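Remarks on the overall topology
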Amino acid sequence: MKSDNEKQDRDEKQRINALRKYQILDTPPDGSFDRITQLAASLLNVPIAIVTLVDTDRIWFKSKYGIDVNQIDRDPGLCSSAILADDVYVVEDAGRDPRTLANPLVAGEFGLQFYAAVPIKVRGNYNLGTLCVIDKNPREISESEKLILKNLTDILVDQIELRLEARKAVSRQNELLNIAAHDMKAPLTIIPLWGELIKKEKNNPEKINEMCSKIQKASSKMFRLVDELLESARIESSEVQLNLEKINLTENIAAVVSSCKIIASKKDQTIHYNGKKDVYLYGDEEKLIVIADNLISNAIKYSHHGTSIWVTVKIKDNKAVLEVKDQGQGFNPEEKKLLFQRFVRLNNQPTDGEDSAGLGLSIVKNLVEAHHGSISAESEGKNKGATFIVEFPLLKKLLIN
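Quick notes on the rules
- Residues numbered from 1 in each chain as written.
- Predicted model: local features only at pLDDT ≥ 70, side-chain atom pairs only at ≥ 80, totals over all residues.
- Heavy atoms only, no water.
- Helix = DSSP H or I, 4+ residues; strand = E, 2+ residues; numbered from the N terminus.
- Polar contact = N/O pair within 3.5 Å; in protein donor to acceptor, adjacent residues only side chain to side chain.
- Contact = heavy atoms within 4.5 Å.
- Phe/Tyr/Trp six-rings, centres within 6.5 Å; stacked < 30°, edge-to-face > 60°.
- Lys NZ or Arg CZ within 6 Å of the ring centre and 35° of its normal.
- Buried < 20%, exposed > 50% of the residue type's maximum accessible area, 1.4 Å probe, protein only.
- Pairing = 2+ DSSP bridges.
- Axes fitted to C-alpha atoms, helices over the stretch in contact; angles between N-to-C directions.
- Salt bridge = Lys/Arg side-chain N within 4 Å of Asp/Glu carboxyl O.
- pLDDT = per-residue confidence, 0-100.
- Disulfide = S-S within 2.5 Å.
- 1 Å grid on protein atoms, 1.4 Å probe; cavity = no way out; pocket = protein on both sides within 12 Å on 5 of 7 lines; lining within 4 Å.
- Points joined across faces, edges and corners; volume = space filled by probe spheres on them.

Considering the side chain of Arg15
Residue position: Arg15 is located in helix H1 (residues 2–21). Among the polar contacts listed, one links the side chain of Arg15 to the backbone oxygen of Val54, at a separation of 2.8 Å. Of the polar contacts made by the side chain of Arg15, one reaches the backbone oxygen of Asn127; its length is 3.1 Å. Contact partners of Arg15, with chain neighbours within four places excluded, come to Val54, Asp55, Arg74, Ile83, Tyr126, Asn127 and Leu128.

Overview of the packing of aromatic side chains
Following the criterion strictly, the structure yields 1 aromatic pair and no others. Aromatic pair Tyr89 and Tyr115: ring centres 6.2 Å apart, planes at 75°, arrangement edge-to-face. You can see Tyr89 sitting in strand S4 (residues 89–91) and its partner Tyr115 sitting in strand S5 (residues 114–122), a full 26 residues away along the chain. Note that Lys136 overlies the ring of Phe110, its terminal NZ or CZ placed 4.7 Å from the centroid. Just above the ring of Phe114 sits the side chain of Arg139; from NZ or CZ to the centre is 4.9 Å.

Concerning the environment of Val324
Mapped onto the fold, Val324 is located in strand S11 (residues 319–326). Classification of Val324 as buried rests on a relative accessible area of 1%. Along the chain, Val324 and His272 lie 52 residues apart, while their C-alpha atoms are 9.9 Å from each other. Among all residues touching Val324, those that are not within four sequence positions of it are Leu295, Ile296, Ala299, Ile309, Trp310, Ala386, Thr387 and Phe388.

Some remarks on the sheet that holds strand S6 (residues 126–135)
Strand order in the open sheet formed by 6 strands is S3-S2-S1-S6-S5-S4, and the pairing between neighbours is antiparallel. Where the open sheet ends on each side, the last strands, each with one partner, are strand S3 (71–73) and S4. Going across the sheet, the axis of each strand differs from the next one's by a mean of 25°, ignoring polarity. Each of strand S1 (48–54), strand S2 (58–65) and S6 is contacted by helix H2 (residues 31–44), which is oriented at about 75° to S2, the strand it contacts most.

Observations regarding the pattern of salt bridges
Taken as a whole and assessed by the stated rule, the structure comprises 20 salt bridges. Linking Arg123 and Glu161 is a salt bridge whose minimum nitrogen-to-oxygen distance equals 3.7 Å. Of the two residues, Arg123 sits in the loop between S5 and S6 while Glu161 sits in helix H5 (residues 143–200), which places them 38 residues apart along the sequence. Given the relative accessible area of 52%, Arg123 is considered exposed.

Quick look at unusual backbone geometry
In this structure, Asp317 takes a positive phi of about 50° despite not being glycine. Mapping Asp317 onto the fold places it in the loop between strand S10 (308–316) and S11. By relative accessible area, which is 64% here, Asp317 ends up exposed. A positive phi angle, close to 65°, is found at Asn318, a residue other than glycine. Mapped onto the secondary structure, Asn318 falls in the loop between S10 and S11.

Regarding the sheet that holds S10
The sheet built from 5 strands is open, its strands ordered S8-S10-S11-S13-S12 with mixed pairing. A single partner strand is all that each edge strand has here, and the edge strands are strand S8 (270–274) and strand S12 (374–378). Strand-to-strand twist of the sheet, defined as the mean angle between neighbouring strand axes without regard to direction, takes the value 15°. Bridge analysis of S10 against S11 gives 8 bridges, and the strand direction is antiparallel. When the bridges of S11 are listed, Trp310 appears paired with Lys325. Its contacts with the sheet place helix H8 (residues 285–301) against S8, S10, S11, S12 and strand S13 (387–393), and it is angled at close to 20° to S11.

Details of the confidence of the model for the protein chain
Across the protein chain, pLDDT averages 83, with 84% of residues at or above 70. Note that pLDDT drops below 50 for residues 397–401; the model gives that stretch 9 contacts with residues more than four away or on any other chain.

Observations concerning the state of the cysteines
Working definition: the covalent bond between the sulfur atoms of two cysteines is a disulfide. Inspection of the entire model under this criterion finds 0 disulfides. Cys132 takes part in no disulfide bond, and the closest cysteine sulfur, belonging to Cys79, lies 4.4 Å away.

Some points on the layout of surface pockets
There is about 380 Å³ of room inside the second largest pocket. In terms of lining residues, the second largest pocket is bounded by 15 residues, among which Asp11, Glu12, Arg15, Ile83 and Leu84 are the most central. For the lining of the second largest pocket, the secondary structure elements donating two or more residues are H1 and S6. If one sorts the elements of the lining of the second largest pocket by residue count, H1 sits on top with 5 residues.

Here it is, written out as structure tokens:
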């Protein structure tokens, strides 16, 4: 019995947390919600319709039709029972129904006699409240009327979910702007200073070359950041468009490895490439290069001097597979959960002070999934290296054994 109560308390706490997340309690009246209650009352021919949200100690009315009350205590509220249901909760004659005989809303001045409600079930299967209709006379409810109430509740849930996603999108865009401002502030501040120094050192070619190199490095950093932010914004707004064609993955990855070897050589790193077979797929060549370049560049960036990186293209389980393995800093199970999230920067730091906006792996994941592929990562733990595995559907007709 105690364990059942503990589970109920835990479930209720999670439900309340979900309710808080949607930030809908105590918000101003909203026309879209009010239209739903008006429709419910009209279509079911009842005098009262309410969108309720069940809080810890009260039932708050987000929208109401035919009643002036804004909230009631939770204890006598029928909605507290209705949110435990998975389907339409119906009381056709409250004066005779044993569930409601003692309810103050039934026995008291209000005189409720008919009540029907559908739980407002959001993602995660949490019932936040109800869309309910009320009459002061007993009555029956038909199956078609139940369906109307369910459909109106579905519209209501869509509205709630859309508003949450809109808030998240605004939050992400603000976060993106903050990251851009923070990461670009330093180079934007330093570049003019170096420009002034160049003027003063105009008779010192060696100093000028040194400062020009620093300007070039700072400009490259800003370019990469802006490029990542724009790519992330395109993905966020579902603007990922693939120019699909027959691609030899083996040749394309070989070209990326060749260009990355130049960067790796500056850290005395060795890239070993194993692409013995031609592996074909339908893909966007430019996007596939972005995927490979990000993974190999990350291996270079987060690995120490003098280490090795292995890049493999192969066929496994009838899929095209790209693997990038390094001897770098690795990650623990908790960090693994965060790897492909946007703006996430783990405790690992680039070993030569390279820059990172925390967007690369999230972009890679989206581009891989746009190709109907999958990406995963493995590591035995901190400082034990990491392996990133990307799988794509094969172009079967061109599979060469």
